[in-house]
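The residues making up each chain are set out below.
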Amino acid sequence: MTKVHYRKVDVGGLGVYYREAGDRKKPTLLLLHGFPSSGHMFRDLIPALAADFHLVAPDLPGFGQTDLPPRSEFSYSFDNVAKVIDRFTEVIGLARYAIYVFDYGAPTGFRLATWHPDRITGIISQNGNAYEEGLSEGWNPIRAYWNDPSAANRDALRSFLQPEATIWQYTHGVTDPTLVSPDGHSLDNYYLTRDGATEAQLDLFGDYKSNVALYPEFQAYFRSHQPKFLAVWGKHDPFFLPPGAEAFRRDIPNADIRFFDTGHFALETHCEEIAAAIKEVFSGVE
């Protein structure tokens, strides 16, 4: 049986909750979740990899069990989220690690890579985008808010935070929806009801434009450092399209790109296959 430890640590006055498993002497994978999830999304992947890796899965600021400070005390931007996670890795003593990035975890993890390329041993991207061609038309309402941060455009995004929208994200593009446990989206929807969560999430929607602005910087990092790279991509993702996965090869010619017949939350249906791909590509990486 895999022992998973559940901990919370102080990072500059903000409590960051995380899951940890495996031997610290093994290669470390830092697992970075997306919207509107938490480290809970890795509940099946962690036991599947714990014999071969040291795994750490923090909840991002404002998500899961990590603190959700009021907006008057914490500015919900991707730069600030990444700074907290960067400091978190230092607080718990991670010197070298590969990053597993999904959705919001991608702009978080790619910032860490550009800030500290010497610490990054590789990248696993599960629908974690870094190219304009990876963004679908599903981003159009959010783009409208980037271009005009009016109250009307902000209010138009509130539908993305409704329970049915979360369920849709989990099930859209899935061949057999009965394979998707309700645990994930039910927990996500619970966290979205916390006091202050809605406005914090709307702030992050608005700030996503900062990630797109950094795409050239992320791509320059890929070209100059050529990290070991594996993409495990749900090919029916309504937000991040397959061309976004294929684009990594422009900058990392040896990138290993694999598509799965599923949607956005690929681990819900293809955890076994994704775990096998990670072991194949990353076992023994120091």
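Higher on the page you've got the structure.
Residues numbered from 1 in each chain as written. Predicted model: local features only at pLDDT ≥ 70, side-chain atom pairs only at ≥ 80, totals over all residues. Heavy atoms only, no water.

(A) Representation of the overall build of the protein. Helix and strand counts for the protein stand at 12 helices and eight strands. Along the first, second and third principal axes, the C-alpha atoms of the protein reach 50 × 40 × 40 Å. In the protein, which comprises 286 residues, the proportion classed as buried is 58%. Sequence separation of 24 or more characterises 77% of the internal contacts of the protein that already satisfy a separation of 6 or more. If you sum the accessible surface of the protein, you get close to 11,300 Å²; carbon and sulfur atoms cover 50% of it. Taking the 26 positively charged and 37 negatively charged side chains of the protein as two groups, their mean positions are separated by 6 Å. (Helix = DSSP H or I, 4+ residues; strand = E, 2+ residues; numbered from the N terminus. Buried < 20%, exposed > 50% of the residue type's maximum accessible area, 1.4 Å probe, protein only. Contact = heavy atoms within 4.5 Å. Areas by Shrake-Rupley, 256 points an atom, 1.4 Å probe, with all protein chains shown as cover. Lys, Arg positive; Asp, Glu negative; His and termini not counted. Charge placed at Lys NZ, Arg CZ, Asp CG, Glu CD.)

(B) Seen up close, the pairing of strand 3 (residues 28–32). With five of five residues buried, strand 3 is to be regarded as a mostly interior element. Because side chains alternate across strand 3, one face comprises the buried residues Thr28, Leu30 and Leu32, and the other comprises Leu29 and Leu31, equally buried. As paired strands, strand 3 and strand 4 (residues 54–58) are joined by three bridges and run parallel to one another. The partner of Leu29 across the bridge, within strand 4, is Leu55. Examined bridge by bridge, strand 3 and strand 5 (residues 97–102) share four bridges and lie parallel to one another. In the sheet register, Leu30 faces strand 5, and the bridge partner there is Ile99. (Pairing = 2+ DSSP bridges.)

(C) Geometry of the pattern of salt bridges. A full pass over the atoms with the stated rule returns 19 salt bridges. For Glu20, the salt bridge identified is with Arg24, shortest N-O distance 3.3 Å. Residue Arg24 is classed as partly exposed on the basis of its relative accessible area of 44%. A salt bridge links Arg71 to Asp203, with the nearest nitrogen and oxygen atoms 2.7 Å apart. Pair noted here: Arg71 is in the loop between strand 4 and helix 2 (78–91) and Asp203 is in helix 8 (residues 197–213), with a separation of 132 residues, a long-range link. Taking relative accessible area as the criterion, Arg71 reaches 44% and is therefore assigned partly exposed. (Salt bridge = Lys/Arg side-chain N within 4 Å of Asp/Glu carboxyl O.)

(D) Molecular detail of the packing of aromatic side chains. A complete count under the given rule lists 29 aromatic pairs for this structure. Relative to Tyr104, the ring of Phe35 lies with its centre 5.6 Å away and its plane at 35°, an arrangement referred to as tilted. Linking Phe35 in the loop between strand 3 and helix 1 (45–49) with Tyr104 in the loop between strand 5 and helix 3 (105–115), this pair joins segments that are 69 residues apart in sequence. Looking at Phe35, the relative accessible area reads 6%, which means it is buried. Ring centres of Tyr190 and Tyr191 lie 5.5 Å apart, and the angle between their planes is 55°; this geometry places the pair in the tilted category. Relative accessible area serves as the criterion here: at 9%, Tyr191 is assigned to the buried category. Following the ring pairs from residue to residue traces out a cluster consisting of Phe35, Phe63, Phe78, Tyr104, Trp139, Trp146, Phe160, Phe205, Tyr208 and Phe240. (Phe/Tyr/Trp six-rings, centres within 6.5 Å; stacked < 30°, edge-to-face > 60°.)

(E) Quick peek at the packing of helix 3 against helix 9 (residues 215–225). The interhelical angle for the contact between helix 3 and helix 9, taken along N-to-C directions, is 55°, at an axis separation of 10 Å. With respect to their mutual orientation, helix 3 and helix 9 come out oblique. Helix-helix and strand crossings are classified by hand; for helix 3 and helix 9 the assignment is left-handed. Contacts between helix 3 and helix 9 involve Pro107, Phe110, Arg111, Ala113 and Thr114 from the former and Glu217, Phe218, Tyr221 and Phe222 from the latter. (Axes fitted to C-alpha atoms, helices over the stretch in contact; angles between N-to-C directions. Parallel < 35°, antiparallel > 145°, perpendicular 65-115°, else oblique. Left-handed = near helix turned anticlockwise from the far one by under 90°.)

(F) Representation of the environment of His54. By the element assignment, His54 lies in strand 4. The sequence separation of His54 and Leu267 amounts to 213 residues, and the corresponding C-alpha distance is 19 Å. Within polar-contact distance, the side chain of His54 engages the side chain of Thr28 at 2.9 Å. (Polar contact = N/O pair within 3.5 Å; in protein donor to acceptor, adjacent residues only side chain to side chain.)

(G) The sheet that holds strand 6 (residues 120–126), seen in detail. On the basis of which strands lie adjacent, the open sheet formed by eight strands has the order 1-2-4-3-5-6-7-8 and mixed pairing. Single-partner strands in this sheet number two, and they are strand 1 (4–11) and strand 8 (256–260). Direction aside, neighbouring strands of the sheet carry axes that sit 20° apart on average. The sheet contacts of helix 2 involve strand 1, strand 2 (14–21), strand 3, strand 4 and strand 5, and relative to strand 1 the element is tilted by about 110°.

(H) Structural context of the side chain of Ser77. Relative to the elements of secondary structure, Ser77 occurs in the loop between strand 4 and helix 2. Within the structure, the side chain of Ser77 is placed 3.1 Å from the backbone nitrogen of Asn80, a separation counted as a polar contact.

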